[in-house]
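# Structural overview for review
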Amino acid sequence: MRPSYKLGGGMVSIKTARDIEAMRPACHHAADTLVMIEPYIKAGISTDDINDLVHAFTIKAGGIPAPLNYHGFPKSVCTSVNHVVCHGIPGNKKLQDGDIVNVDVTTILDGWHGDTSKTFYVGKAKPRTEKVVEAARKALQLGIAEVRPGATLGDIGHAIQSYVEGQRLSIVREYCGHGIGRVFHEDPQVLHYGKPGTGVVLKKGMVFTIEPMVNIGKADVKVLADHWTVVTRDKSLSAQFEHTMVVTDDGCEILTIPSQ
């Protein structure tokens, strides 16, 4: 059995070296998908077009798009445009110059999951748009920099929260990173806010995502009638970046990097 240790009512899985090697193809493919889709992110493309491209790319590689039919989610990828925070459902909406869109990809290969996302600019961005997107990108980097054996989840959350709020932006609290492996979402929950030295202590072999959602306005969000799409209550822009990583001997390794 895979070793684990207790977190409240759940168990945090510790992946073996063999597990990590088995996860790599899924993580690389998820990252490759974002590379593949980037040239298509232009004014006039619909989010359904993005979905179709991601779906075809995943199936061609022998993978499964994890979002499809996950608890009833109807598409193969999440596309979150402008004030959509996360879980945007692809449709006939066409992107326009000045928009931003987060493309959230999760690939299953040989039973293992790789999860990553990126917020793309559509055409030329306004300075305020760049501020929230680049802050989300930086927040992820700062969170990753805290990952090492002996650190805590609170250290990650604090690094993200203090930076984002220092930029006079807000961090979404209702959604978080998560453990991942053969299961799409498992313990631990990786909050993007917190206090240093609190929460689960990180150990070598833990695999999880960090995926901060940063709003240019207030942090408050709501779920639309489709029961999936999360938007900012004040309709302000929101941006997100995500990586899957593993805790190593002295830090961490980002697994969701392109294969080449």
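For the structure itself, consult the block above.
Residues numbered from 1 in each chain as written. Predicted model: local features only at pLDDT ≥ 70, side-chain atom pairs only at ≥ 80, totals over all residues. Heavy atoms only, no water.

Once that is clear, we can look at the environment of Ala-22. Along the chain, the position of Ala-22 falls in helix 1 (residues 17-37). In sequence terms Ala-22 and Gly-181 are 159 residues apart; their C-alpha atoms lie 9.5 Å from each other. (Helix = DSSP H or I, 4+ residues; strand = E, 2+ residues; numbered from the N terminus.)

One can describe the packing of helix 1 onto helix 2 (residues 47-60) by two numbers: an axis separation of 10 Å at closest approach and a directional angle of 135°. The pairing of helix 1 with helix 2 is recorded here as oblique in orientation. Handedness of the crossing formed by helix 1 with helix 2: right-handed. Contacts between helix 1 and helix 2 involve His-29, Asp-32, Thr-33, Met-36 and Ile-37 on the former and, on the latter, Ile-50, Leu-53, Val-54, Phe-57 and Thr-58. Classifying every residue of the contact of helix 1 with helix 2 by side-chain character gives six nonpolar, three polar and one charged. (Axes fitted to C-alpha atoms, helices over the stretch in contact; angles between N-to-C directions. Parallel < 35°, antiparallel > 145°, perpendicular 65-115°, else oblique. Left-handed = near helix turned anticlockwise from the far one by under 90°. Contact = heavy atoms within 4.5 Å. Nonpolar A, V, L, I, M, F, W, Y, C, P; charged D, E, K, R; others polar.)

Moving on, we get to the nonpolar core. The biggest cluster of nonpolar side chains holds 30 residues, and the ones touching the most others in it are Val-147, Ile-156, Leu-202, Met-206, Phe-208 and Ile-210. Those elements giving two or more residues to this core turn out to be helix 3 (127-145), helix 4 (153-166), strand 11 (207-210) and strand 16 (243-247). Ranked by residues supplied to this core, first place goes to helix 3 with seven residues. In contact with Ile-156, not counting residues within four places along its chain, are Gly-143, Glu-146, Val-147, Val-190, Leu-202, Phe-208 and Ile-210. If you look at the next biggest cluster of nonpolar residues, it comprises 16 residues, including Ala-30, Ile-37, Ile-45 and Val-81. (Core = buried A, V, L, I, M, F, W, Y, C linked by side-chain atoms within 4.5 Å. Buried < 20%, exposed > 50% of the residue type's maximum accessible area, 1.4 Å probe, protein only.)

This part covers unusual backbone geometry. Keep in mind that most residues, glycine aside, have a negative phi and that most peptide bonds are trans. At the junction of Asp-187 and Pro-188, the peptide bond is cis and its omega measures out at 5° in the coordinates. Tracing the sequence through the fold places Pro-188 in strand 10 (residues 186-190). Backbone geometry at Asn-82 places phi at a positive 60°, although glycine is not the residue there. Following the sequence through the fold, Asn-82 ends up in the loop between strand 4 (78-81) and strand 5 (84-86). What makes Asn-82 buried here is its relative accessible area of 18%. Residues other than glycine seldom take positive phi values, yet His-87 does so here, at roughly 65°.

On to the pairing of strand 4. Taking every second residue as pointing to the same face, both faces of strand 4 are buried, with Cys-78 and Ser-80 on one and Thr-79 and Val-81 on the other. Sheet analysis places strand 4 next to strand 6 (residues 100-109), joined by four bridges and oriented antiparallel. Each residue of the ladder has a partner; that of Ser-80, found in strand 6, is Asn-102. (Pairing = 2+ DSSP bridges.)

As summarised here, the arrangement of the three strands in space is 5-14-13, forming an open sheet in which the pairing is antiparallel. Here the strands that pair on one side only, and so sit at the sheet edges, are strand 5 and strand 13 (221-223). Neighbour-to-neighbour, the strand axes of the sheet open up by a mean angle of 40°, direction not taken into account. The pairing of strand 13 with strand 14 (residues 230-232) spans three bridges and is antiparallel. Following the sheet pairing, Val-223 is matched in strand 14 by Val-230.

It is worth spelling out the pairing of strand 10 at this point. Relative to strand 10, strand 9 (residues 177-179) runs antiparallel, the two sharing three bridges. Note that in strand 10 the partner of His-178 across the bridge is Gln-189. In sequence, strand 9 turns back onto strand 10 through a hairpin of six residues.

What follows covers the side chain of Ser-76. Along the chain, the position of Ser-76 falls in the loop between strand 3 (64-65) and strand 4. Side-chain polar atoms of Ser-76 contact the side chain of His-55, separated by 2.7 Å. When neighbours within four sequence positions are excluded, Ser-76 is seen to be in contact with Asn-51, Val-54, His-55, Pro-65, Pro-67 and Leu-68. (Polar contact = N/O pair within 3.5 Å; in protein donor to acceptor, adjacent residues only side chain to side chain.)

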